[in-house]
Amino acid sequence: MGRKGSGKSAICLMLKARSGDGECVSLVTPDEISADEIRRFELAGITPEQSKVLVWRYVFSVQIAKYILALARHYFDTDANFPDEIREIRTFLIDNGEVDDLKIHEKFWRVLERIKVSISLEAFGAKLSTEVAPSPGIRANSQLDEIEKRIRIALDVLPTSNRPKLLLLVDQIEKVWSNDRNSDLMVIGLLLASKHISNAFQRNDDNGKHIKDVNCIVFLRLDIYDLLSFQNRDYFRGEEMHIAWDANALINLAVARAQASVGVKFSSDSLWRDLFPQNINSKNITDFIVQHTLMRPREIIQLCNACVDAAQKNGHTRIQEEDVQEAMRLYSNWKVSDLVNEYQINYPFLSRLFVLFSNTSFLISRHLLEQKLNKVTDALCNQYKEFSHVFSLDGVLTVLYSIGFLGVIRNEQTAYVFNDPNTIEYYETQFVIHPAFREALRSTSSVDLIPYEPTLFAASVEQIASEFNIGLSSRRGSVKGIRSSRPFLFVRYVREMCDRIEMITAKSRLPEEVRAEIRRNLRSVSADVENIIHSDGEIPVYDLSQRVLRFFINLRAKLRASQLLEDEHNKELGYIVESAVEELERGLAYGEFLE
């Protein structure tokens, strides 16, 4: 079990490729054209769940019969030399229109029709014994019992020494699942039938060792399995295998994929050092890449490929930071679209909900989300009536957390469902949009903070207009109208203020991503004002001072609006930012810093 994109189908195909290595493998994937027929299939006289079990028992029995023929052809020169028990199996397949190739299985709608009418058992001389059943459901069950018995007898005829076992693989169930009770029963029937078949075809060898001749592995999406409700579900606990990835496993996977792509062996350090930039936004490249995935192989492969494509498009021989940033914008749009498509059946309203998170900060409070949700709840309930119970605040938070779109602040860290599956509690008030979706939603600031842009790189129209209006010379050697080209007092004050705010921020209980964003901007401010000392008058100091002031005013406003300062451990930060704004305003108003 695993989430979509976690590698279930890749593992399935790897197991399929083992066929012939002491093992016969058969892959069963239900066809989408039969989806409605499978979900609606019922037989009178037994429950809908039992009806679905019979479908899967028949499919598995036919594949086991083909497996027996494949083994027989290995042990006997010609079909004419088959023992009677094996010839019966071959006749059974022919009578029911089944091809004896283990790699092929019949369309499910044909299987359903066969079960509804009657399975031919004439090959076993058992025609009359099953026609007197009181209902179609009981008749089909009796027929399946007879088929499995005859298959077991035929298998026992074959030599047991070094005999290859059969591995039945079932994948792509989500293609015929529609998030309704009939779909659930279809999956429940599959699980019950797979357990039944594995138990039905087991034996003890000459030493008394327990051997299963047939094993069945079902590959199932975790969100589908979690919705299932049936008796004796606890019987499957010991057979569940969860596919989970951590950061190291994803990094190693990316390296292995790169090695397979170029056909050359190299170390992990070599890949990330020689091909990628070392840091992105002051974050180690591997940390940055992994944090933009939902901890699934699919995302890390997509993002790395997008980075390579961007570098090639831009004519770079190795990936530059701007290539990664360009790839991130494309990748983020993919991820929003992929998430909507992935949960189209479970939650068809996702694209409407995502509007609530666009063009805002990626950190959002419970209170603010409730305000936004209240404005659209009626419209959502009218459009998606069958999901109206979901559109409460707790319902929406549960859905968005369960799919990995939102994280929650816990113990000063951001928790996502893939590393902390515990449900959201009523006292948890701060939520975070996952990094993979921020670029597409244009929600790239933790507190909707306008990033500080260094003066030398801003090249702003505002600066040009300001210089034009006060009649500054086009020659850059001096600054007209400024009392001093080296306002050391201003530089010292801003630098000390930035250091002090950064120190208080580090001690606060702000989410790490908020602390990192504030720290990054403070260092940019500090470095910018430091350039005044070495600029020989090339920096318009008045314009820079106003830019710095606007940044701190914006920081104060966004921290207030985020409600993060309501935490007792964060109030000191609020006081110091407030004090910084007031001192800057007073100092600039009276010319204290520019003397």
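Before reading further, recall that the structure is shown in the block above.
Read on for an overview of the structure.

Cut-off values and rules
- Residues numbered from 1 in each chain as written.
- Predicted model: local features only at pLDDT ≥ 70, side-chain atom pairs only at ≥ 80, totals over all residues.
- Heavy atoms only, no water.
- Helix = DSSP H or I, 4+ residues; strand = E, 2+ residues; numbered from the N terminus.
- Rg over C-alpha atoms; globule rule 2.2 N^0.38 Å.
- Buried < 20%, exposed > 50% of the residue type's maximum accessible area, 1.4 Å probe, protein only.
- Areas by Shrake-Rupley, 256 points an atom, 1.4 Å probe, with all protein chains shown as cover.
- Axes fitted to C-alpha atoms, helices over the stretch in contact; angles between N-to-C directions.
- Parallel < 35°, antiparallel > 145°, perpendicular 65-115°, else oblique.
- Left-handed = near helix turned anticlockwise from the far one by under 90°.
- Contact = heavy atoms within 4.5 Å.
- Nonpolar A, V, L, I, M, F, W, Y, C, P; charged D, E, K, R; others polar.
- Pairing = 2+ DSSP bridges.
- 1 Å grid on protein atoms, 1.4 Å probe; cavity = no way out; pocket = protein on both sides within 12 Å on 5 of 7 lines; lining within 4 Å.
- Points joined across faces, edges and corners; volume = space filled by probe spheres on them.
- Salt bridge = Lys/Arg side-chain N within 4 Å of Asp/Glu carboxyl O.
- Disulfide = S-S within 2.5 Å.
- Polar contact = N/O pair within 3.5 Å; in protein donor to acceptor, adjacent residues only side chain to side chain.

It is worth spelling out the overall build of the protein chain at this point. Scanning the protein chain from terminus to terminus reveals 23 helices and eleven strands. For 595 residues, the compact-globule estimate of 2.2 N^0.38 gives 25 Å, and the protein chain exceeds it by more than 25% at 33 Å. Based on the C-alpha atoms only, the size of the protein chain along its principal axes is roughly 110 × 55 × 45 Å. Each of the 595 residues in the protein chain was classed as buried or not, and the buried ones make up 49%. Of the accessible surface of the protein chain, which amounts to about 29100 Å², a share of 50% is contributed by carbon and sulfur atoms.

Two numbers describe how helix α22 (residues 541–562) lies on helix α23 (residues 571–589): the axes approach to 10 Å, and their chain directions differ by 150°. Of the possible angle classes, the one that applies to α22 and α23 is roughly antiparallel. Handedness of the crossing formed by α22 with α23: left-handed. Of the residues in α23, those touching α22 at S545, Q546, V548, L549, F552, I553, L555, R556, L559 and R560 are L573, V577, E578, V581, L584, E585 and L588. Looking at the contact of α22 with α23 residue by residue, the classes come out as eleven nonpolar, two polar and four charged.

The four strands lie next to each other as β8-β11-β9-β10, forming an open sheet whose pairing is antiparallel. Across the chains shown, the open sheet's two edge strands, defined by having one partner strand only, are β8 (363–365) and β10 (413–415). Looking at each pair of strands side by side, their axes are set apart by 35° on average, direction ignored. As paired strands, strand β9 (residues 406–410) and strand β11 (residues 430–433) are joined by three bridges and run antiparallel to one another. Bridging from a neighbouring strand, V408 pairs with F431 of β11. In the packing of helix α15 (residues 366–383) onto the sheet, contacts are made with β8 and β11, and the angle to β8 comes to roughly 80°.

Volume-wise, the largest pocket comes out at about 1500 Å³. As for the largest pocket, its lining consists of 44 residues, and the residues nearest its centre are N281, K283, R438, T444 and R520. Counting residues per element, the ones that place at least two in the lining of the largest pocket are α11 (285–291), α13 (321–342), β10, α17 (435–441) and α21 (512–530). Per-element tally for the lining of the largest pocket: the top contributor is α21, with nine residues.

Moving on, we get to the pattern of salt bridges. As enumerated under the stated definition, the model contains 36 salt bridges in all. Between K149 and E146 there is a salt bridge; the shortest N-O distance is 3.6 Å. In this pair, K149 and E146 are both assigned in helix α6 (residues 136–157), three residues apart and thus about one turn of the helix distant. Here E146 falls in the buried class, since its relative accessible area comes to 15%. A salt bridge links D213 to R163; the shortest N-O distance between them is 3.1 Å. Of this pair, D213 sits in the loop between β4 (210–212) and β5 (214–218) while R163 sits in the loop between α6 and β2 (165–170), and the two are 50 residues apart along the sequence. Each member of the pair, D213 together with R163, is buried. Through salt bridges with shared partners, one network takes in R152, D156, R163, R203 and D213.

It is worth spelling out the sheet that holds strand β1 (residues 23–28) at this point. Taking strand neighbours across the sheet as the criterion, the three strands line up as β1-β2-β5 in an open arrangement whose pairing is parallel. Edge strands, defined here as strands with exactly one partner in the open sheet, are β1 and β5. Across this sheet, the average inter-strand angle for adjacent strands is 20°, counted without regard to direction. Where β2 meets β5, five bridges bridge the pair, whose relative direction is parallel. Note on β5: the bridge partner recorded for L167 is N215. Packed on one face of the sheet, helix α7 (residues 181–200) meets β2 and β5 and runs near 160° to β5.

What follows is about the packing of helix α20 (residues 488–507) against α23. Between two packed helices, the angle of one axis relative to the other and the distance separating the axes together describe the packing. α23 packs onto α20 with a crossing angle of 170° between their chain directions and a minimal axis gap of 9 Å. As summarised for this structure, α20 and α23 are arranged roughly antiparallel, according to the angle between their axes. Here α20 contributes F490, Y493, V494, M497, R500, I501, I504 and T505 to the contact with α23, which in turn contributes E572, L573, I576, V577, S579, A580, E583, L584 and L588. Tallied by class, the residues present in the contact of α20 with α23 amount to twelve nonpolar, two polar and three charged.

Enumeration over the complete set of coordinates arrives at zero disulfides. Just so you know, C216 is unpaired, no disulfide at all, and the nearest cysteine sulfur is the one on C12, 11 Å from it. Free of any disulfide, C304 has its nearest cysteine sulfur in C307, 6.2 Å distant. Taking relative accessible area as the criterion, C304 reaches 10% and is therefore assigned buried.

Further remarks concern the side chain of S6. Considering the arrangement of structural elements, one finds S6 in the segment before α1 (8–16). Classification of S6 by relative accessible area gives buried; the value is 2%. Among the polar contacts made by the side chain of S6, one reaches the main-chain carbonyl oxygen of R3 at a distance of 2.6 Å. Aside from chain neighbours lying at most four places away, what touches S6 is I243, W245, R296 and P297.

That is the geometry; function is a separate question.
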